[in-house]
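Structural features, examined
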Amino acid sequence: MSGASPLVWAGAAAAVLGVLLLRRAWGLPRRSAALNGAAWALLLLGTALGIAGNGAWGAAMVSLFGMGTAALLLARAAAAARPGKARASDRKAHMFPAQGEPRRIGRRLLTFLVTVPLAMLVSLLVALAARALAGLGGWAEADGNALTLLLLPLLWGILAFALLMMPRRRTQFAWLLLPAAASLGLIWIGGAA
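Every chain's residues receive numbers from 1 upward, in the order its sequence appears when written. Per-residue local features are limited, in this predicted model, to residues with pLDDT of at least 70; the limit for side-chain atom pairs, both in listing and counting, is 80 or more; totals at the level of whole chains, interfaces and linings are taken over all residues. Just so you know, side-chain values use all the structure's heavy atoms and leave hydrogens and water out.

1. Overview of the overall build of the chain
The secondary structure content of the chain amounts to 5 helices and 0 strands. For helices the rule is a DSSP run of H or I covering at least 4 residues; for strands it is a run of E covering at least 2, with both sets numbered from the N terminus onward. In the chain, the order of α-helices and β-strands from amino to carboxyl end is α-α-α-α-α. Relative to a compact globule of 193 residues, whose C-alpha radius of gyration would be 16 Å, the chain shows 21 Å and is clearly more extended. When the backbone C-alpha atoms are referred to their principal axes, the chain occupies close to 65 × 55 × 25 Å. Contact between two residues is taken to exist if any of their heavy atoms lie within 4.5 Å; hydrogens are not considered. Once local pairs closer than 6 in sequence are excluded, the contacts in the chain between residues at least 24 apart make up 66%. Surface summary for the chain: the accessible area is close to 13,500 Å², and the carbon and sulfur share equals 70%. For this count, His and the chain ends are skipped, Lys and Arg are scored as positive, and Asp and Glu as negative. All charge positions are set by atom: Lys at NZ, Arg at CZ, Asp at CG, Glu at CD. Averaged over its 18 positive side-chain charges, the chain has a centre that lies 18 Å from the centre of its 4 negative ones. The globule rule is 2.2 Å times the number of residues to the power 0.38, and the radius of gyration it is compared with is taken over C-alpha atoms. Where accessible areas are quoted, they stem from the Shrake-Rupley method and a 1.4 Å probe; at the residue level, only the protein chains shown are allowed to cover.

2. So, the pattern of salt bridges
When a carboxyl oxygen of Asp or Glu is within 4 Å of a side-chain nitrogen of Lys or Arg, the pair counts as a salt bridge. This structure, assessed with the given rule, holds 1 salt bridge. Arg131 is the partner of Glu141 in a salt bridge, and the nearest nitrogen-oxygen pair spans 3.6 Å. Residue Glu141 is located in helix H4 (residues 141–165), and its partner Arg131 is located in helix H3 (residues 105–136); the two are separated by 10 residues in the primary sequence.

3. Quick notes on helix H2 (residues 33–80)
Between its terminal C-alpha atoms H2 stretches only 27 Å, short of the 70 Å expected from 48 residues at 1.5 Å a residue. Of all the bends in H2, the greatest measures close to 140° and is centred on Asn54. Here H2 has its buried residues at Asn36, Ala39, Leu43, Gly46, Leu49, Gly50, Gly58, Ala59, Met61, Val62, Gly66 and Thr69. Against the buried residues of H2 lie helix H1 (6–26). Helix span, expected: 1.5 Å multiplied by one less than the number of residues in the helix. Bend angle per residue: angle between axes fitted to the 7 residues ending at that residue and the 7 residues starting there. Think of it in three bands: residues with accessible area under 20% of the maximum for their type are buried, residues over 50% are exposed, and the middle band is partly exposed, with areas taken using a 1.4 Å probe on protein chains only.

4. Some thoughts on the packing of aromatic side chains
Side-chain rings of Phe, Tyr and Trp (the six-membered ring for Trp) are treated as a pair once their centres are within 6.5 Å; stacked means planes under 30 degrees apart, edge-to-face means over 60, and tilted covers the remaining angles. What the rule picks out here adds up to 1 aromatic pair. Aromatic pair Trp9 and Phe65: ring centres 6.1 Å apart, planes at 65°, arrangement edge-to-face. With a gap of 56 residues between them, Trp9 in helix H1 and Phe65 in helix H2 connect regions that are remote in the sequence. Judged by its relative accessible area of 43%, Trp9 falls in the partly exposed class.

5. Some points on the environment of Leu164
Summarising the element assignment, Leu164 is placed in helix H4. Sequence separation between Leu164 and Thr115 is 49 residues, and the spatial gap between their C-alpha atoms is 7.1 Å.

6. Focus: the packing of H3 against H4
The angle between two axes is taken between their N-to-C directions and runs from 0 to 180 degrees, where each axis is a line fitted to C-alpha atoms and a helix contributes only its stretch in contact. Following both chains from N to C, one finds H3 and H4 inclined at 150°, their axes separated by 7 Å at the closest point. Accordingly, the angle class assigned to the pair H3 and H4 is roughly antiparallel. Where H3 crosses over H4, the two elements pack in a sense that is right-handed. Classification convention: Asp, Glu, Lys, Arg as charged; Ala, Val, Leu, Ile, Met, Phe, Trp, Tyr, Cys, Pro as nonpolar; all other residues, Gly among them, as polar. Here the contact of H3 with H4 is built from residues that sort into 20 nonpolar, 6 polar and 2 charged. The scheme is simple: roughly parallel for angles under 35 degrees, roughly antiparallel for over 145, roughly perpendicular for 65 to 115, oblique for anything else. For any helix crossing, the convention is left-handed if the near helix is rotated counterclockwise from the far helix by under a right angle, and right-handed if that rotation is clockwise.

7. Examining the nonpolar core
Only buried residues count toward a nonpolar core. Its members are Ala, Val, Leu, Ile, Met, Phe, Trp, Tyr and Cys residues joined through side-chain atoms within 4.5 Å. In this structure, Val114, Ala119, Val122, Leu125, Leu159, Ala162, Leu163, Met166, Leu176 and Ala180 together form the largest nonpolar core, which totals 10 residues. Of all elements in the fold, only H3, H4 and helix H5 (169–192) reach the threshold of two or more residues within this core. Of all hydrophobic cores here, the second largest spans 9 residues; its members include Ala4, Leu22, Leu43 and Val62.

8. Some remarks on H4
For H4, spanning 25 residues, the distance from its first C-alpha to its last is 36 Å, which sits close to the expected 36 Å at 1.5 Å a residue. Of all the bends in H4, the greatest, near 30°, is centred on Leu151, and the proline Pro153 appears no more than four residues after it. Taken together, the buried positions of H4 are Gly144, Thr148, Leu152, Leu159, Ala160, Ala162 and Leu163.

Printed below as a string of structure tokens:
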């Protein structure tokens, strides 16, 4: 990293601190939204600094420092962990219902529909809205297309993960409808301009 700018080094330090703070937050007896938020903010700041310092190469270097720190923490925890005495379950976690439990096929199918095709559609709308904003900002058409192609899988993965973590269908549908409606508005404005 001899050619790295000082921003990349600052980003790497922020990423390392973010991982350490995240580990600390997860080790507490109760969840701490403030510590989790601060840790993720440091990781985001580190990435932004890496990009500002040396573009994609800087972001890659920052992520290597963050992932290396996480790997070291995991290796330390694995080495210190004692083997459990309980026998591991043969059953996959909530994959199949236990003997006598209801199958809830409809509920499982709806979860699939919400997190796969609907989340993908909303992610596509948000990516197209970002393309429309880029066009309004004077970006070249090829750059806007590249932005769309880069954002779609990223947004889809984040949205699907967020939807799976929500306990209520109403919240899931709100997380789908609000960005979809805002994106449709931005796409309409971008197309009319």
